[in-house]
Every structure is written in C-alpha cells, then in structure tokens.
Amino acid sequence: MKKCKNCGKQLTSGSRLDFYSKECMKQYRENKLKILQRSFLTQFDKGFGSSRRQHNIQVVKNMLEEGYSEEQIIKIASVYFRKQTVFEYLEIAKSLLEIEGEKL
Ligand SMILES: [Zn+2]
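First, a word on what this report is: a plain description of the structure on this page.

Analysis parameters
Residues numbered from 1 in each chain as written. Predicted model: local features only at pLDDT ≥ 70, side-chain atom pairs only at ≥ 80, totals over all residues. Helix = DSSP H or I, 4+ residues; strand = E, 2+ residues; numbered from the N terminus. Buried ≥ 20, exposed ≤ 12 C-beta atoms within 10 Å, placed from the backbone. Contact = placed C-beta atoms within 7 Å. Axes fitted to C-alpha atoms, helices over the stretch in contact; angles between N-to-C directions. Left-handed = near helix turned anticlockwise from the far one by under 90°. Nonpolar A, V, L, I, M, F, W, Y, C, P; charged D, E, K, R; others polar. Parallel < 35°, antiparallel > 145°, perpendicular 65-115°, else oblique.

1. A short note on the overall build of the protein
Then, in step 1: Looking only at helices and strands, the protein features four helices and zero strands.
Then, in step 2: Start at the N end of the protein and walk to the C end: the helices and strands fall as α-α-α-α.
Then, in step 3: Split into buried and exposed, the 104 residues of the protein put 12% on the buried side.
Then, in step 4: At a minimum sequence separation of 6, the contacts of the protein that also span at least 24 residues come to 31%.

See the structure below:
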C-alpha cells in the first residue's frame, strides 16, 4: 500500500500521487529544501574536478531529479555561489541527467 511521503498516511489504492494533500506536498518540499540548502558545501569551489565541486553538482542534479525548476535552483544556489558558478553547475547537472537518460 502506498503511503504519503510526508506524513505516512495511506493513500487510496492505485493512487499515482505521492502525497495525501497539497499541504503534505508543500511541507515535504520545504523540508527537503532545508536539507538541500544545508548540503551545499559553501567553502570555495576549488575549480574543475575538485571533489567539492563534484559534490555541489550532485546536489543540483538531485534537485533537478526532485522536480525543482531551474529557476528555483538558481535562486537557492545563488545565495551560496556566484551566478556564473550556479549556471555551470546547472549545465553540468543537466548533461549528467541526459547521459543517464533520465527524464526531468
Ligand atoms: Zn501526508
């Protein structure tokens, strides 16, 4: 039986949704967002190929997979990084997703 990703309440059988209510979806997203924001490594990105950079690209990739729009990601990540860096992360993350053949 499928359960709400936020509160664990059982969903009607055969439901294609992940949440019991819009409120649940909102709460889940907000919590997720907090976790994601914490997970950015905010020390200097040591340049191409550094593990910190790879990590941050992975975070952006996860956000895309979670269904965040590019606009939202840019807004969130711009708090921590220069716009140029954010765009780079986004482009690389999108390329990685394409390579893996996943749909956004
Ligand atoms: Zn719920």
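2. Remarks on the packing of helix α2 (residues 51–66) against helix α4 (residues 83–100)
Then, in step 1: Look at α2 against α4: their axes get within 8 Å of each other, and the N-to-C directions meet at 65°. Crossing angle aside, the handedness with which α2 passes α4 is right-handed. Contacts between α2 and α4 involve Asn56, Ile57, Val60, Lys61 and Leu64 from the first element and Tyr89, Leu90, Ile92, Ala93, Lys94, Leu96 and Leu97 from the second.
Then, in step 2: Class assignment of the residues belonging to the contact of α2 with α4 gives a composition of nine nonpolar, one polar and two charged.

3. Re the packing of helix α3 (residues 70–77) against α4
Then, in step 1: In contact at an axis separation of 9 Å, α3 and α4 are set at 140° when each is read in the N-to-C sense. On the basis of the axis angle, α3 is oblique to α4. Both α3 and α4 take part in a crossing whose hand is right-handed. Residues Glu70, Ile73, Ile74 and Ala77 of α3 pack against Val86, Tyr89 and Leu90 of α4.
Then, in step 2: Of the residues assigned to the contact of α3 with α4, the class counts are six nonpolar, no polar and one charged.

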